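The chain contents come next:
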Amino acid sequence: MRWRYWTKQRRQAVTTTHVPGATRFDEWLLNKSWRSSELTNVPNGSGLKAVPGDGGIPLVGHSLEALRLGLDFGLKRYETYGPVSWMNAFGVRMVMVTGGDATQVVMTNKDKVFSQKGWEYFIGPFFRRGLMLLDFDEHMFHRRLMQQAFTRQRLTGYLGHVASAAAGGVKSWQPGKLLMYPALKQLTLDIAGSVFMAAALGKEKDALNKAFVDTVRAGTSLIRFPVPGGRWNAGLRGRQVLEDFFRRTIPAKRASDSDDLFAGLCHARTDDGSAFSDDDVVNHMIFLMMAAHDTTTITTTTATYYLAKHPEWQDRVREECVKAGPGPLDIDALEGLTNLEMVIKESLRLVAPVPSLARRTVRDTEILGHYVPANTMVSLTPWVTQMLPELWPNPARFDPERFSSERKEDKVHRYAWLPFGGGAHKCIGLHFGMLEVKTLLHQLLTHHQWSVPEDYEVRWDTTALPAPSDGLPIALKR
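Rules used throughout
- Residues numbered from 1 in each chain as written.
- Predicted model: local features only at pLDDT ≥ 70, side-chain atom pairs only at ≥ 80, totals over all residues.
- Heavy atoms only, no water.
- Pairing = 2+ DSSP bridges.
- Helix = DSSP H or I, 4+ residues; strand = E, 2+ residues; numbered from the N terminus.
- Axes fitted to C-alpha atoms, helices over the stretch in contact; angles between N-to-C directions.
- Contact = heavy atoms within 4.5 Å.
- Phe/Tyr/Trp six-rings, centres within 6.5 Å; stacked < 30°, edge-to-face > 60°.
- Buried < 20%, exposed > 50% of the residue type's maximum accessible area, 1.4 Å probe, protein only.
- Expected span 1.5 Å × (residues − 1).
- Domains from an automatic or database assignment.
- Buried area = accessible area lost by both parts, 1.4 Å probe.
- UniProt positions renumbered as here; feature names shortened; annotations may be inferred.
- Lys, Arg positive; Asp, Glu negative; His and termini not counted.
- Salt bridge = Lys/Arg side-chain N within 4 Å of Asp/Glu carboxyl O.
- Core = buried A, V, L, I, M, F, W, Y, C linked by side-chain atoms within 4.5 Å.
- Parallel < 35°, antiparallel > 145°, perpendicular 65-115°, else oblique.

An unreviewed UniProt entry lists the protein under the name Cytochrome, with Kibdelosporangium phytohabitans given as the organism.

Shown next, in the form of structure tokens:
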């Protein structure tokens, strides 16, 4: 009964909530019949079940649906097959994992069977040996070293750079029409340069921004080798641009005593004197710079959209921000913006900045009684989990009060809300990220009002990380 109710609800919501302007092709992709089969070779006597699913279209599998329909594709598969299913996509067979219980099995990873090597397939050539791609003891070594760059004392120093860049950027926006996403993308890259490097990126900013965009988009390439003009090739070129930029800066950073993150990584030491090599620093800087400005841009853009659609909430959080003062706000003041924090958390739920997480099994295992063989790609789907009605009442509705101390809907399951991932690989910069988004929105709310037409519905481009396909045009006024 629950499946039928949810299917009916999604049919009503799919053309009005998540995919406005859906074409007939979109509807065909979403509603076409899938030929169900199972992953076989379940060991005799194991008592385990085969994973249900289907391969999709020959050669491309379900790549087109996954790229074009994003969230709705994931919800449709959950309706059809449940929390564990298999499919072919992006040239590989993978098992999709959705829902709190299935996600918990993979995230807690008690037997160390789910490796981060799943990321290697998608982003390995572009974000080599970034923290998210490392496993087990090696990951913990790098994480402990990197944690020295994210202490509360260092966050306090970073916030000065954030506040200065955010104030200057937001104040420069002129009343009238503004494409919010590209404006924020430029501003968050400026902030990342200031915080991570204590320097303006100057004339190289546009080239670096393009390089970051190309490396992120390359991970979902259908043609996964360097064809001229293709995404994969562009990603490899982007990686080289980023590597050259950071590598030539290392000697000066090792010799400096500045309070930026780059210098923090250069000077980090363990108790026995171990430090990051130059290669380590370059790899971590590329990954952290991408993660910091991309996810911050998506989160702030999403919050801006929902505050435009819900002016009563825009007024409510503006009142809170005005009471806090014009800024720059310190950590304690930012943490006191509780209404704004609820808006940000609800925005992260409605549009997860990282919609899926990759793992690979290192030996045979099981997920909720389903047999999953060794060397299987596993795709966790936090965005889909965050939109399930059994975890979130009326999930498509913007309702920040879900995160209030009275309701605590995010606590209904340990893995109901996971925009920052979970387990040993939970985002190391989550506190800094929340402080940065609060600082940006505080500046925006205390200097501007904004709106969108009443009938406007954003469409999220999910061919890489979610971004508004039209840039999110808003009407801005002082």
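### Thoughts on the sheet that holds strand S14 (residues 473-477)
The strand order across the open sheet formed by three strands is S6-S14-S11, and the pairing between neighbours is antiparallel. Strand pairing shows two members of the sheet lacking a second neighbour, strand S6 (176-179) and strand S11 (449-451), which therefore form its edges. If you compare each strand with its neighbour and ignore which way they point, the axes differ by 40° on average. The sheet contact formed by S6 and S14 spans four bridges and is antiparallel. Within the sheet, the bridge partner assigned to Gly176 lies in S14 and is Leu476. Contacts from helix H9 (residues 180-197) reach S6 and S14, with the element oriented near 65° to S6.

### A short note on the packing of aromatic side chains
A complete count under the given rule lists 14 aromatic pairs for this structure. Geometrically, the ring pair formed by Tyr158 and Phe432 is edge-to-face, given 6.0 Å between the ring centres and 85° between the ring planes. Taken together, the positions of Tyr158 in helix H8 (residues 152-172) and Phe432 in helix H19 (residues 430-447) put the pair 274 residues apart, joining distant regions of the chain. Accessibility classification places Tyr158 together with Phe432 in one group, the buried group. Here the aromatic rings of Trp392 and Phe403 are separated by 5.9 Å at their centres, their planes lie at 40°, and the arrangement is tilted. Here Phe403 lies in the loop between helix H18 (382-385) and H19 and Trp392 lies in the loop between H18 and H19, a separation of 11 residues in the sequence. Exposure class is identical for Trp392 and Phe403. Each is buried. Three or more aromatic residues joined by ring pairs form one cluster here, namely Tyr305, Tyr306, Trp313, Phe398 and Tyr456.

### Considerations on helix H11 (residues 231-247)
Spanning 17 residues, H11 covers 24 Å between terminal C-alpha atoms, matching the ideal 24 Å at 1.5 Å per step. Where H11 is concerned, the buried positions are Trp232, Asn233, Ala234, Gly235, Gly238, Arg239, Leu242, Glu243, Phe245 and Phe246. On the buried face of H11, the contacting elements are helix H6 (118-123), H9, helix H10 (205-218), helix H12 (250-255), helix H13 (261-267) and helix H14 (278-309).

### Considerations on the domain arrangement of the protein
For the protein, the assigned domains are domain 1 (1-108 + 355-418) and domain 2 (136-352 + 420-477). In this structure, domain 1 and domain 2 have C-alpha centres spaced 27 Å apart. Listed by partner, the interface residues are 35 residues for domain 1 and 30 residues for domain 2. Interface area, domain 1 with domain 2, both sides summed: about 2800 Å², of which 64% is carbon and sulfur. When the area that domain 1 buries against domain 2 is broken down by residue, the three leading residues are Leu67, Trp383 and Phe398, summing to 27%.

### A short note on helix H4 (residues 71-81)
For H4, the tally of buried residues reaches 10 of 11 residues, placing the bulk of the element in the interior. Buried within H4 are the following residues: Leu71, Asp72, Phe73, Gly74, Leu75, Lys76, Arg77, Tyr78, Glu79 and Tyr81. Phi turns positive, to about 95°, at Gly82, one or two residues after H4.

### Some thoughts on unusual backbone geometry
Note the cis peptide between Gly327 and Pro328, where omega equals 5°. Within the secondary structure layout, Pro328 lies in the loop between helix H15 (311-324) and helix H16 (331-335). The backbone phi angle of Leu472 is positive, close to 60°, even though this residue is not glycine. Counting through the fold element by element, Leu472 comes out in the loop between strand S13 (467-468) and S14. For Leu472, a relative accessible area of 0% puts it in the buried group.

### Let's talk about the pairing of strand S3 (residues 84-89)
Burial within S3 is extensive, with five of its six residues counted as buried. Here S3 runs beside strand S4 (residues 92-97); their pairing, made up of six bridges, is antiparallel. Bridge pairing in S4 links Met87 to Met94. Hairpin connection, S3 to S4: the antiparallel pair is bridged by two residues, and Phe90 has positive phi, about 55°.

### Side note on the UniProt feature "binding site: heme" (unreviewed entry) in the protein
When the UniProt feature table is mapped to this numbering, "binding site: heme" (unreviewed entry) covers Cys427. Tracing the sequence through the fold places Cys427 in the loop between H18 and H19. In this structure Cys427 comes out as partly exposed when scored by relative accessible area, which is 34%. Contact partners of Cys427, with chain neighbours within four places excluded, come to Arg143 and Phe420.

### A look at the environment of Pro52
Within the secondary structure, Pro52 sits in strand S2 (residues 52-53). Along the primary structure Pro52 and Leu465 are separated by 413 residues, whereas in three dimensions their C-alpha atoms are 27 Å apart.

### Topic: the side chain of Glu320
Following the sequence through the fold, Glu320 ends up in helix H15. It is Arg316 that comes nearest to the buried, bridge-free Glu320 among opposite-charge side chains, at 7.2 Å. Here Glu320 is in contact with Gly336, Leu337, Thr338, Asn339 and Leu340, once residues within four sequence places are set aside.

### Things to note about the nonpolar core
As a rule of thumb, soluble globular proteins bury nonpolar side chains together. Counting residues in each nonpolar core, the largest one holds 136 residues, and the members touching the most others are Trp173, Phe196, Phe246, Leu261 and Met285. Broken down by element, this core gets its largest block of residues, 15 residues, from H14. Taken together, domain 1 (1-108 + 355-418) and domain 2 (136-352 + 420-477) each give at least three residues to this core, which thus spans both. Other than its neighbours up to four places away in sequence, Trp173 contacts Leu178, Met180, Ala183, Leu184, Leu187, Leu444, His448, Leu476 and Arg478.

### Thoughts on the packing of H9 against H10
Contact geometry for H9 and H10: axes closest at 11 Å, N-to-C directions at 105°. Accordingly, the angle class assigned to the pair H9 and H10 is roughly perpendicular. Across from Lys185, Leu189 and Asp190 in H9, the residues of H10 making contact are Lys205, Asn209, Phe212 and Val213.

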